[in-house]
Amino acid sequence: MIKFSKDVDMTDWGDGWFREMSEADIGPCLQILAERDEDDAAAAEATFARDLLGYFVVGRGNRVYGVSGATPIDGTNASYVLGWTAVARDRSTEDVRKLIQEVVDRLQAAGGRKIFAQVSDYIDPDDGDIYAPMRRSLTEIGFAQEVRHRDYYDRQESQVIYSLRLRSPQPIDVIPDRRGIRLTDIDEIAETDDAYWLSWELSEEADVLTREDFERVFDTVRQVSARCIFMAFPSGISAVSNLMQIAGFRFDGRLLDLYDDGVDELRFRYDF
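Predicted model, so just to flag it, every value in this text is computed and none were measured. (Residues numbered from 1 in each chain as written. Predicted model: local features only at pLDDT ≥ 70, side-chain atom pairs only at ≥ 80, totals over all residues. Heavy atoms only, no water.)

**Q** Describe the pairing of strand 2 (residues 16-20), with residues and values.
**A** Burial within strand 2 is extensive, with five of its five residues counted as buried. Pairing of strand 2 with strand 3 (residues 55-60) involves four bridges; the strand directions are antiparallel. When the sheet's bridge partners are listed, Phe18 is paired in strand 3 with Val58. (Buried < 20%, exposed > 50% of the residue type's maximum accessible area, 1.4 Å probe, protein only. Helix = DSSP H or I, 4+ residues; strand = E, 2+ residues; numbered from the N terminus. Pairing = 2+ DSSP bridges.)

Listed below in structure tokens is the structure:
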């Protein structure tokens, strides 16, 4: 697994410095995120409690005024997702762009293949489109929108997924995987209101899934007023399209080359 170097010292960064995040930075970073959205700060607190590897902070003097990073996506060949990214209110949009660019440059130097970024389009009643600077910074750097999941976080709040390729593609020979699929678990998606993720695994012994198998899952989450269910699969699994049609899911987007060059992630949703 590719990791950022752990020997990054405090380095000059414009009018301040840039270095790896430490435990002492967690409080200031959570305050910065809470300035934008308190839910972001709460979710980031859980992230930082697990691991700080791949996260960086920027500051001036004794003050931290920005945070960003990237973490590897499990099961992929050097694909990463942009982590919690924000700067203090008194800093400029240019700081957001510069901070993301620094993370991208370091990840590219470390051998990353592709980086994805997940951003909300939430409109705050008081502050308006609070994630606009992030989306604008991503496009200025060269990220392209790949998927928009409408009403993902909540009604009228979508998830927009962007990506940036970090090295030239080298497509692999993809052998179709004809194993069966077994449903394993369903959980509410973090940071959403009543959106769920249905997990699965491949198995040689798995029975052919039927509409009734999915209906049992639907009945369970209907009891907790679920709005929608999402599933995602590598494009090389043969049974996916027919299975999703049987279950009543609809295709909701494709993340190109997420698993490897030539192996996309296919995303599906079921709305109640």
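Anyway, onward from the coordinates.
**Q** Got a sec to walk through the nonpolar core? Specific residues and values, please.
**A** Within the largest apolar cluster, 29 residues are counted, with the highest numbers of intra-cluster contacts made by Leu82, Ile100, Ile115, Leu138, Phe143, Tyr162 and Leu164. For this core, the secondary-structure elements that each account for two or more residues are strand 3, strand 4 (63-72), strand 5 (79-82), helix 3 (93-109), strand 7 (114-120), helix 4 (132-141) and strand 11 (157-165). At six residues, helix 3 tops the list of elements feeding residues into this core. Ranked by size, the runner-up nonpolar core spans 21 residues in total, among them Val221, Ala226, Phe268 and Tyr270. (Core = buried A, V, L, I, M, F, W, Y, C linked by side-chain atoms within 4.5 Å.)

**Q** So what's going on with unusual backbone geometry? Residues and values would help.
**A** A positive phi angle, close to 55 degrees, is found at Asp151, a residue other than glycine. Structurally, Asp151 is set in strand 10 (residues 144-154). With a phi angle near 70 degrees, Asp194 is a residue other than glycine that sits in the positive phi range. Take Asp194: it is sitting in the loop between strand 12 (180-188) and strand 13 (195-203). Owing to a relative accessible area of 26%, Asp194 belongs among the partly exposed residues under this scheme.

**Q** Would you mind going over the sheet that holds strand 12 in detail, with residue names and values included?
**A** Pairing in this open sheet of five strands is mixed, and the strands run 12-13-14-16-15 from one edge to the other. In the strand order of this sheet, the two ends are held by strand 12 and strand 15 (250-260), each with one partner. Along the sheet, successive strands turn relative to each other by an average axial angle of 25 degrees, direction set aside. Relative to strand 16 (residues 263-271), strand 15 runs antiparallel, the two sharing six bridges. Note that in strand 16 the partner of Gly253 across the bridge is Arg267. Strands in contact with helix 5 (residues 211-222) are strand 12, strand 13, strand 14 (228-234) and strand 16; relative to strand 12, the strand with the most contacts, it is inclined by about 5 degrees. (Axes fitted to C-alpha atoms, helices over the stretch in contact; angles between N-to-C directions. Contact = heavy atoms within 4.5 Å.)

**Q** Give me the lowdown on the packing of helix 5 against helix 6 (residues 240-247), citing residues and values where you can.
**A** The N-to-C vectors of helix 5 and helix 6 enclose an angle of 60 degrees; their axes lie 9 Å apart at closest approach. In terms of orientation, helix 5 lies oblique with respect to helix 6. Of the two possible hands of crossing, helix 5 and helix 6 adopt the one that is right-handed. Within the contact between the two elements, helix 5 uses Arg211, Phe214 and Phe218 and helix 6 uses Leu243, Met244, Ile246 and Ala247. (Parallel < 35°, antiparallel > 145°, perpendicular 65-115°, else oblique. Left-handed = near helix turned anticlockwise from the far one by under 90°.)

**Q** Tell me about a negative patch on the surface, and name the residues and values.
**A** Taken together, the side chains of Glu38, Asp39, Glu188, Glu191 and Asp193 make up a negatively charged region of the molecular surface. Mapped onto the elements of the fold, Glu38 is located in helix 2 (residues 38-50). (Patch = residues over 30% accessible without salt bridge, like charges linked within 9 Å, V, L, I, M, F, W, Y side chains within 5 Å. Areas by Shrake-Rupley, 256 points an atom, 1.4 Å probe, with all protein chains shown as cover. Salt bridge = Lys/Arg side-chain N within 4 Å of Asp/Glu carboxyl O. Lys, Arg positive; Asp, Glu negative; His and termini not counted. Charge placed at Lys NZ, Arg CZ, Asp CG, Glu CD.)

**Q** Describe the pattern of salt bridges, with residues and values.
**A** Scanning the model with the defined rule gives 25 salt bridges in all. Across the pair Arg269 and Asp252 runs a salt bridge, and its minimum N-O distance is 3.6 Å. Within this pair, whereas Arg269 is found in strand 16, its partner Asp252 is found in strand 15, the two being separated by 17 residues in sequence. With relative accessibility at 12%, the residue Asp252 sits in the buried group.

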